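Remarks on the overall topology
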Amino acid sequence: MIQLIRGFKDILPGEVEVWQHIESVARGLFEDFGFKEIRIPIMERTELFARSIGEDTDIVEKEMYTFPDRKGDLITLRPEATASICRSYIQHKMYAEDPVQKFYTIGPMFRRERPQKGRYRQFYQINAEIFGVASPLADVELIFLLKTLCERLSAGDVEAHINSLGCPECRPVFKTALQEYIASRTEALCSDCARRKDRNPLRVLDCKVPGCREAMQKAPSIIDHLCPACTQHFNTVQASLASLEVPFIVDKRLVRGLDYYTRTTFEIQTRSLGAQSAVAGGGRYDGLVKMLGGPDMPATGFAIGFDRLAEVVDLDKQAYIKKPDLALGIDGIQASMDFEGRSLKSQMKRAGRCGARYTLIVGEDERATGQAILRNMTTREQVSVPLAELVKNIKPLIKK
Ligand code: ATP
Ligand code: MG
């Protein structure tokens, strides 16, 4: 028997209804906040991801599904959506019409990491990006949107972690201070951190290996190194979140390794997922559009892990599973699915099994009299319904 690829999964009826519900709540919210949907390809030139995500990241170093197509061009299954959305914004010169553009997209991503609970090789994300707004209020809007989404989905015990990464003015000073600190603890670091500490010291801060966490306990904090403009930006984020009653924690370990990430960075974490606690991650990437060949344009965004969100939403799954309201029996044949001419009894059994609330029986006799029999599958009550204008007649009877 051929099985699916390791780290991939099927989303089966019974579970897919929860996904549909999340998707429809998310879409509704995005529309309310003025985001437009954008759909970008599943594959892009490898170069786009290598440049935008960065050669020193786990994703580019070891997680991408990259292969030459039949002509030898290197292509990659997208590991995230931001790079493609930036490419599209630049390629179609959307900034010329209006630099401020708000997009969302929902779809699969691919990363070849070690499969485990909450970590798949094909997983799904809900992405949002805002281009052209330097104000901290755009970051606040994104975090507020995430909080509202979690509330509407009863996603339980979530909290926003926020940090600032500074800007090209102040981050180099912090980087130097961090490198000096790391140099004094090199022996305690894991082999990955020992390798990346020079090129990408910020990554050492968010390494999850216990030895590294321990060694970085007393590392200098970026927040103590922010320039006045970045301090003010970060203060506004915090004050606005507070005034919107969005609880948050300032988390100085929260970093992204690449230079085009600036200022606000955030994560939505939950206590109910064990080790894979991040439901969503995001932040500002003011340098990326320019780096990819576009104008100098601020931007900020987030990615929600759909699979993880689906795990934490507290839904009565049964209530979302669609059951037929009616199983239709015509001439002894259950028209919706049974073409085998079974007995009425066996069709009734089948209608019961599929969860139909009512069965409509239309046999020879019923056709002759022009009256069908509507049977309530729970109470077993039966009533006659005229066959003329059947739908109109049935509707009020089977109303929930
Ligand atoms: P992590 O620290 O969990 O590896 P990340 O920094 O790689 O996360 P992002 O690239 O910021 O994650 O992606 C945003 C969200 O997508 C994550 O918060 C998580 O919920 C989800 N996600 C990332 N990788 C996976 C995966 N392999 N399987 C399922 N969900 C994932
Ligand atoms: Mg990861």
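Presented here is an overview of the structure given in this document. All values derive from a computational prediction rather than experimental measurement. (Residues numbered from 1 in each chain as written. Chains lettered and ligands numbered in written order. Predicted model: local features only at pLDDT ≥ 70, side-chain atom pairs only at ≥ 80, totals over all residues. Heavy atoms only, no water.)

1. Some details on the environment of Asn 127
As a reminder of what qualifies: Secondary structure elements follow DSSP: runs of H or I of four or more residues count as helices, runs of E of two or more count as strands, with numbering from the N terminus.
Relative to the helices and strands, Asn 127 resides in strand 6 (residues 122–131). In this structure the C-alpha to C-alpha distance between Asn 127 and Ile 42, which are 85 residues apart in sequence, comes to 14 Å.

2. Description of the site of ligand 1
So the rule is basically this: If a single non-hydrogen atom of a residue is within 4 Å of a molecule or strand, that residue counts as near it. Under the rule applied, a polar contact is a pair of N or O atoms within 3.5 Å (in protein, one hydrogen donor and one hydrogen acceptor; residues adjacent in sequence only if both atoms are side-chain atoms). Here the accessible surface of atoms and residues is derived via Shrake-Rupley with a 1.4 Å probe, and residues count as covered only by protein chains that are part of the display. Note on residue categories: nonpolar means Ala, Val, Leu, Ile, Met, Phe, Trp, Tyr, Cys or Pro, charged means Asp, Glu, Lys or Arg, and polar means any other residue, Gly included.
Contacts to ligand 1 come from 15 residues, most closely from Arg 111, Glu 113, Arg 119, Tyr 120 and Ala 278. The separation between an oxygen atom of ligand 1 and a polar side-chain atom of Arg 308 is 3.3 Å. Burial of ligand 1 by the protein chains amounts to 84% of its free accessible area of 590 Å². Elements supplying a minimum of two residues to the shell around ligand 1: strand 6, strand 10 (278–284) and strand 11 (299–305). Looking at the shell around ligand 1 element by element, the count peaks at 3 residues for strand 10. Tallied by class, the residues present in the shell around ligand 1 amount to 6 nonpolar, 3 polar and 6 charged.

3. Side note on the packing of helix 2 (residues 46–53) against helix 4 (residues 82–91)
Put simply, the test is: Lines are fitted to the C-alpha atoms to define the axes, a helix being fitted only along its stretch in contact, and any angle between axes, read from their N-to-C directions, falls within 0 to 180 degrees. Each angle gets one of four labels, with under 35 degrees taken as roughly parallel, over 145 as roughly antiparallel, 65 to 115 as roughly perpendicular, and the rest as oblique. It only takes one pair of heavy atoms within 4.5 Å for two residues to be counted as in contact.
Orientation of helix 2 relative to helix 4, taken along the N-to-C sense of each, is 105°, at an axis distance of 9 Å. Here helix 4 runs roughly perpendicular to helix 2, going by the angle between their axes. The segment helix 2 lies against helix 4, with Leu 48, Phe 49 and Ser 52 engaging Ala 83, Ser 84 and Arg 87. Taken together, the residues of the contact of helix 2 with helix 4 sort by class into 3 nonpolar, 2 polar and 1 charged.

4. What to know about the state of the cysteines
Convention followed: The term disulfide is used for any two cysteine sulfur atoms that are within 2.5 Å. Burial classification: accessible surface area is computed with a 1.4 Å probe over protein chains only, and a residue below 20% of its type maximum counts as buried, one above 50% as exposed, and the rest as partly exposed.
Evaluation of the coordinates by the stated rule reveals 0 disulfides. The thiol sulfur of Cys 86 is not disulfide-bonded, and the nearest other cysteine sulfur, from Cys 167, lies at 19 Å. Assessed through its relative accessible area of 0%, Cys 86 is described here as buried. In this structure Cys 212 is not part of a disulfide, and its nearest cysteine sulfur, from Cys 190, lies 3.7 Å away.

5. Looking at a nonpolar patch on the surface
Test applied: Residues enter patches when their relative accessible area tops 30% and they take part in no salt bridge; the joining distance is 9 Å for like charges and 5 Å for the nonpolar side chains Val, Leu, Ile, Met, Phe, Trp and Tyr. The term salt bridge refers to a side-chain nitrogen of Lys or Arg lying within 4 Å of a carboxyl oxygen of Asp or Glu.
A cluster of nonpolar residues, Ile 42, Met 43 and Phe 67, forms a patch on the protein surface that exposes about 230 Å² of accessible area. With a relative accessible area of 35%, Ile 42 lands in the partly exposed category.

6. Comments concerning the pairing of strand 5 (residues 101–110)
A regular strand places its side chains on the two faces of the sheet in alternate fashion. Rules: Note on pairing: DSSP must find at least two bridges between two strands before they are called paired.
By the criterion of burial, strand 5 is predominantly enclosed, with 10 of the 10 residues buried. Pairing of strand 1 (residues 36–37) with strand 5 involves 2 bridges; the strand directions are parallel. By the bridge assignment, Glu 37 is partnered in strand 5 with Tyr 104. Across 10 bridges, strand 5 lies against strand 6 in antiparallel orientation. Of the residues in strand 6, the one forming a bridge with Thr 105 is Asn 127.

7. Things to note about the sheet that holds strand 4 (residues 74–77)
Within the open sheet, the 3 strands sit side by side as 2-4-3. Their pairing is antiparallel. In the strand order of this sheet, the two ends are held by strand 2 (43–45) and strand 3 (65–68), each with one partner. Direction aside, the axes of adjacent strands within the sheet are offset by 30° on average. Relative to strand 4, strand 3 runs antiparallel, the two sharing 4 bridges. By the bridge assignment, Phe 67 is partnered in strand 4 with Ile 75. Lying over the sheet, helix 2 contacts strand 2, strand 3 and strand 4, oriented at roughly 80° with respect to strand 2.

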